[in-house]
Amino acid sequence: MDQDTLRILLREAVRETVAEVLQTVLELDRTAFLQVHGGRRNGYYPRKLETAFGQVDLKVPRDRESRYYPAFLKPYVRRLVDVGEVAVALYAAGVSQRKAAEILSLLLGHRYSHETLSALTDEVLEAAGAFRTRPLPEEMAFVYLDGLSLKVFREGEGIVRESVYVALGIAPNGERRVLGFWLLPTESALGWEGVLGELWQRGLRRVLLFITDGLPGLPEAIRRVYPQAEWQRCVVHGVRWSLSQVRSRDRALLAEDLRRVYGAESREEALGALEEVKAAWGSRYPGVVGLWVQDSGAFLRFYGYPKVLWPYLRSTNLMERFIRELRRGTKVRDHKFPKEEAVYKLLYLESERQEGRWAERKLKGFSEVKEVLEKMLQERYAPRTQTLTHNRTLPTSPFRGKSPLAGAARIWYRG
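Just so we're clear, the structure is a prediction, and the values are computed from it rather than from any experiment.

The rules behind the values
- Residues numbered from 1 in each chain as written.
- Predicted model: local features only at pLDDT ≥ 70, side-chain atom pairs only at ≥ 80, totals over all residues.
- Heavy atoms only, no water.
- Helix = DSSP H or I, 4+ residues; strand = E, 2+ residues; numbered from the N terminus.
- Buried < 20%, exposed > 50% of the residue type's maximum accessible area, 1.4 Å probe, protein only.
- Contact = heavy atoms within 4.5 Å.
- Areas by Shrake-Rupley, 256 points an atom, 1.4 Å probe, with all protein chains shown as cover.
- Phe/Tyr/Trp six-rings, centres within 6.5 Å; stacked < 30°, edge-to-face > 60°.
- Pairing = 2+ DSSP bridges.
- Polar contact = N/O pair within 3.5 Å; in protein donor to acceptor, adjacent residues only side chain to side chain.
- Core = buried A, V, L, I, M, F, W, Y, C linked by side-chain atoms within 4.5 Å.
- Right-handed = clockwise from strand over helix to strand, strands pointing away.

Take the overall build of the chain next. Along the chain, the regular secondary structure elements total 16 helices and eight strands. Counting the 415 residues in the chain, one finds 46% classified as buried. Taking the contacts inside the chain whose residues are at least 6 apart along the sequence as the reference set, 69% of them involve residues at least 24 apart. With an accessible surface of roughly 21500 Å², the chain has 52% of that area assigned to carbon and sulfur atoms.

Listed below in structure tokens is the structure:
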């Protein structure tokens, strides 16, 4: 007897045993009910039930007064396992809908099409919409902005590459929160300004520091919406770009010199190390050195915050770890999605999963400087509290479709 035949026979034996056990439980359950509530038996009616071991045929007991119903069976439910929950869990884990349908068919002994799985996971869309528009806390100590690209099918355009904008916030106590995610055709400062405008609309009013890459125009977009917040340019992105611009034989030496800049014990020491970089490399690579000198304030902004937080603030590494988790799900789908809603389903499920993990462990170091960060927020925003006025408006939102920003009202603020 081959392994496949043995597996089928074993599965059948287990399924029959499960059916017998469930039938016995039903009989005992009705007997216990009648002993307590009185009444008489009234035969059975047939019902199919899907279990983890396959579909079984049951005879559900009845009573004359129609008061009895099996305690472990929900009305109208034909599954002892919640296929929807299993489907969503598989989808969130990065399993494609076709593969998930095969897995469920194997587990439950019933054929599921990928269209059925899509319908089950579509129930997530409402929760995803609520997640994306949920009110935000009034203050966050730090906000990371970054994005990733993926392929989406658009009617009339075919498969096109688009950008997902992601905002991640860190509270003064070290609690992490996904502030939102948005899908746009390309990444631009204008797109980020629309994102920031939505964060403001949803209640986020006070931020100490935004941490981003060096996208042109992004610092100005931040200042227009959050004029009292500071901007930290990611040193890791800066180093990567710098090393890509120099000869291979110079990369190790330049990387070490730049490490002495952002790895210094103080801002003054960092500026001294930057002068050494300028003297050593300025004539050979003026563009690279010019970037670090011109943006030295943004590259070294983290020195104005408690030292224990410097590793979190000088780069977007914390955000990139989260984005790697998002990419895990997109990689299984070859970074291609049949529609925009599929993108939001995946982003929501992964965001919810990560927030659940983060709730169990806050970032190290924040507990000891929590009061310092709260005082910085109070001092920064108390003298010049942002208020509603009609002085300025944000640009029209670039968001397509039914995004919460489509057609959004103007936002006014005074710095």
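This is not the end of the story, as more comes after the structure.
The next thing to look at is the packing of aromatic side chains. Inspection of the entire model under this criterion finds 16 aromatic pairs. Ring centres of Tyr303 and Trp310 lie 4.8 Å apart, and the angle between their planes is 75°; on these two criteria the pair is classed as edge-to-face. You'll find Tyr303 and Trp310 in the same group, each marked buried.

The buried count for strand 5 (residues 176–184) comes to eight of nine residues, which makes it a mostly enclosed element. Sheet topology places strand 4 (residues 158–170) next to strand 5; eight bridges connect them, and they run antiparallel. By the bridge assignment for strand 5, Val164 is matched with Leu183.

Right, let's get into the environment of Gln23. You can see Gln23 is positioned in helix 1 (residues 3–37). You can call Gln23 buried: its relative accessible area is 15%. Not counting residues up to four positions away in its chain, the partners in contact with Gln23 are Tyr44, Leu58 and Lys59.

Right, let's talk about unusual backbone geometry for a bit. A positive phi angle is found at Ser66, which is not glycine, with a value near 55°. Mapped onto the fold, Ser66 is located in the loop between strand 2 (54–63) and helix 2 (83–92).

Our next topic: the environment of Gln228. Looking at the secondary structure, you find Gln228 in the loop between helix 7 (218–225) and strand 7 (230–233). Classification of Gln228 by relative accessible area gives buried; the value is 9%. Put simply, Gln228 and Arg206 are 22 residues apart on the chain and 8.2 Å apart in space, counted from C-alpha to C-alpha. Here Arg380 takes part through its backbone oxygen, which lies 3.0 Å from a polar atom of the side chain of Gln228.

Turning our attention to the nonpolar core. Phe142, Leu199, Tyr226 and Leu313 are the most contacted members of the largest nonpolar core, which totals 93 residues. Among the elements that take part in this core, strand 3 (residues 139–154) stands out by supplying nine residues, more than any other. Leave out the neighbours within four places in its chain, and Leu313 touches Phe142, Tyr144, Leu209, Ile211, Gln232, Phe302 and Tyr305. Counting residues in each nonpolar core, the second largest holds six residues, with Leu22, Leu26, Val56 and Leu58 among its members.

Strand 6 (residues 206–212) sits mainly inside the fold: six of its seven residues count as buried. Pairing geometry for strand 3 and strand 6, over five bridges, is parallel. The residue bridging Val143 from the neighbouring strand is Phe210, located in strand 6. As defined by bridge partners, strand 6 adjoins strand 7 across four bridges and the pair is classed as parallel. Among the inter-strand pairings, Ile211 is bridged to a residue of strand 7, identified as Gln232. Since strand 6 and strand 7 lie parallel, the crossover through helix 7 that links them has a hand, and here it is right-handed.

To continue, consider the side chain of Ser351. Mapped onto the elements, Ser351 comes out in helix 15 (residues 340–360). Its relative accessible area of 1% is what places Ser351 among the buried residues. Polar contacts involving the side chain of Ser351 include one to the main-chain carbonyl oxygen of Leu347, which spans 2.7 Å.

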